[in-house]
Amino acid sequence: MNVLLLGSGGREHALAWKLAQSPNLTKLFASPGNPGIAEHAEIVEIKDGDHRGTIDFCLKNSIELVVIGPEAPLVDGLADNLRTMGFPVFGPDKEAAQLEGSKGFTKDLCAEAGIPTARYARFTSAEAALPGLKEFGLPVVIKADGLAAGKGVIIAETAEAATEAVEGMFDGDFGKAGAEIVIEEFLEGEEASFFALVDGETVLPFGSAQDHKRVGEGDTGLNTGGMGAYSPAPILDDATTKRVMAEIVQPTVETLARRGTPYNGVLFAGLMLTESGPQLIEYNVRFGDPECQVLMMRLEDDLLALMAATAEGRLAELGAPKLASQSAMTVVMAAKGYPGTPETGGKIGGIDKAEAQGAKIFHAGTSEDDGQLVASGGRVLNVTALGDTLQAARDGAYAAIEKIDFADGFFRGDIGWRELERS
Ligand code: AMP
Ligand code: GLY
């Protein structure tokens, strides 16, 4: 099978690494890719957002499956255009991708399907939203409706902060994403992520993970795309997972199918485990980054077979993806300055030495400069290890970090702390 993989982060390196292990793979192409992905794929140049160019490439290279890694092209309707041309795609069409593209869309769907989630209201102007704040206590959660690279959520502790957040959003703090907002009740509990493959109708659970969104140790400082993750998340035990499937994921998939806009791809549910049970915080229409890296580390099945079956609506023929009972942890090495403006160009060495100990180093923001590997983004490397216990996985990941030379980088030393304290 010839496969085209779109994306350039650690998530896509993990997908490329796993796809390359499939006996069914003939040739893997990737765009825009990165030096890690290049170890498994031919890097090709397809302009970002160029749907016609993507289709032309697929026609010329007899592509039999397109895997779309990030959310932006999905929300932009790339999957629709590829499917119209007859190409199987792993990733939802534009309408179903609204689950991530519009927070209000997801909240309305939850209301329609009776899915447990925080009480909410949608607003299109500050004049309407400011009085609306009174319907909620404190803290209150204010969200830009559209895609804001994970940054469009403000948890306001005071009425003044809430007013400021609402006004800021309508003043364009998050660009177009904030032209509409959602105000939500604050939920108390612990967060966890749950993944499922969906082929329109059939849903197969793809495991759990927990990530660390704050840049600093002890979960302090600014929000990031994620500084580290581990899988499984033991807090999502079998009973809770059953509830998540029955009360959240299945009704979502059924509602979208009933509307004539079925979901296809991986559905990533961000959950709050509250005293009254799991509630949906948000959906993403792709694998998490860096959650994907730990899931791929544990996946024992053929990823290509799973993705092709998803794209072709054949998941009912398969069992749930088999994941190792071991734990995996990934620690993000970021460039100094992240999540603000990262210092790019910092030299990276020692990856071979780190991998010689059994860890896997996924490239996120790297590039090659005259044969030297350098940092080219905020999150640079994902140092990932498997172990019989979470502690063993943690020890493996941090031992590998010791071998990596990246003077301009930093990482959190406490990934997994909550779970490690519990165990
Ligand atoms: P989101 O982009 O919707 O996942 O929100 C980013 C983060 O904000 C989440 O991971 C939570 O930590 C927090 N958050 C979002 N909505 C709520 C809520 N209703 N109650 C408490 N925390 C929330
Ligand atoms: N790590 C969180 C996300 O991918 O959205």
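Residues numbered from 1 in each chain as written. Chains lettered and ligands numbered in written order. Predicted model: local features only at pLDDT ≥ 70, side-chain atom pairs only at ≥ 80, totals over all residues. Heavy atoms only, no water.

A.B. asks: Before we go on, may I ask you to explain the site of ligand 2 in this structure?
C.D. replies: Around ligand 2 sit D211, G225, F268, N284, R286, G288, D289, P290 and E291, and those are all the residues in its vicinity. Backbone polar atom of G225 to a nitrogen atom of ligand 2: 2.9 Å apart, as the coordinates give it. Between ligand 2 and E291, the relevant distance is 2.9 Å, taken from a nitrogen atom to a side-chain nitrogen or oxygen of the residue. Burial of ligand 2 by the protein chains amounts to 89% of its free accessible area of 200 Å². Taken together, the residues that form the shell around ligand 2 break down as two nonpolar, three polar and four charged. (Near = heavy atom within 4 Å. Polar contact = N/O pair within 3.5 Å; in protein donor to acceptor, adjacent residues only side chain to side chain. Areas by Shrake-Rupley, 256 points an atom, 1.4 Å probe, with all protein chains shown as cover. Nonpolar A, V, L, I, M, F, W, Y, C, P; charged D, E, K, R; others polar.)

A.B. asks: Honestly, the sheet that holds strand β8 (residues 153-156) in this entry has me stumped. Any pointers?
C.D. replies: Through backbone hydrogen bonds, the strands of a sheet pair up, either in parallel or in antiparallel fashion. Taken in spatial order, the four strands of this open sheet run β6-β9-β7-β8, and their pairing is antiparallel. What marks the edges here is a single partner per strand, and that holds for β6 (120-123) and β8. The average angle at which neighbouring strand axes cross in this sheet is 20 degrees, direction not considered. Pairing analysis gives four bridges linking strand β7 (residues 140-144) to β8, with the strands arranged antiparallel. Its bridge partner being in β8, K143 is matched across the sheet by V153. Running at roughly 140 degrees to β6, helix α6 (residues 103-113) makes contact with β6, β7, β8 and β9 (181-185) of the sheet. Packed on one face of the sheet, helix α8 (residues 159-170) meets β6, β7, β8 and β9 and runs near 5 degrees to β7. (Pairing = 2+ DSSP bridges. Helix = DSSP H or I, 4+ residues; strand = E, 2+ residues; numbered from the N terminus. Axes fitted to C-alpha atoms, helices over the stretch in contact; angles between N-to-C directions. Contact = heavy atoms within 4.5 Å.)

A.B. asks: Any chance you could explain the packing of aromatic side chains here in plain terms?
C.D. replies: Across all of its chains, the model carries seven aromatic pairs by this definition. Each ring, one from F29 and one from F57, has its centre 5.2 Å from the other, and the planes form 80 degrees; the classification is edge-to-face. A residue pair is termed long-range when its members are at least 10 positions apart, and F29 in strand β2 (residues 27-32) and F57 in helix α2 (residues 51-60) qualify at 28 residues. Judged by relative accessible area, which is 6%, F29 ranks as buried. Aromatic pair F90 and F287: ring centres 6.4 Å apart, planes at 15 degrees, arrangement stacked. Taken together, the residues F90 in strand β5 (residues 89-90) and F287 in the loop between β16 (277-284) and α10 (291-298) connect sequence positions 197 residues apart. Both residues of the pair, F90 and F287, count as buried. Here the aromatic cluster, defined as three or more aromatic residues joined through ring pairs, consists of F90, F195, F206, F268 and F287. The ring of W17 is capped by K18, whose NZ or CZ atom sits 5.4 Å from the centre of that ring. (Phe/Tyr/Trp six-rings, centres within 6.5 Å; stacked < 30°, edge-to-face > 60°. Buried < 20%, exposed > 50% of the residue type's maximum accessible area, 1.4 Å probe, protein only. Lys NZ or Arg CZ within 6 Å of the ring centre and 35° of its normal.)

A.B. asks: I keep staring at the pattern of salt bridges and nothing clicks. Help me out?
C.D. replies: Side chains carrying opposite charge are able to pair once their charged atoms draw close together. Counted by the stated rule, this structure contains 26 salt bridges. R52 is paired through a salt bridge with D56; the nearest N and O atoms lie 3.1 Å apart. With R52 and D56 both in helix α2 and four residues apart, the pair spans about one turn of that helix. The class of R52 is partly exposed, set by a relative accessible area of 48%. The exposure class assigned to D56 is partly exposed, which follows from its relative accessible area of 31%. Between D414 and R412 there is a salt bridge whose closest N-O contact spans 2.9 Å. Residue class for R412 comes out buried when judged on its relative accessible area of 1%. Sharing partners across several salt bridges, the network here consists of E190, D219, R412, D414, R418, E419 and R422. (Salt bridge = Lys/Arg side-chain N within 4 Å of Asp/Glu carboxyl O.)

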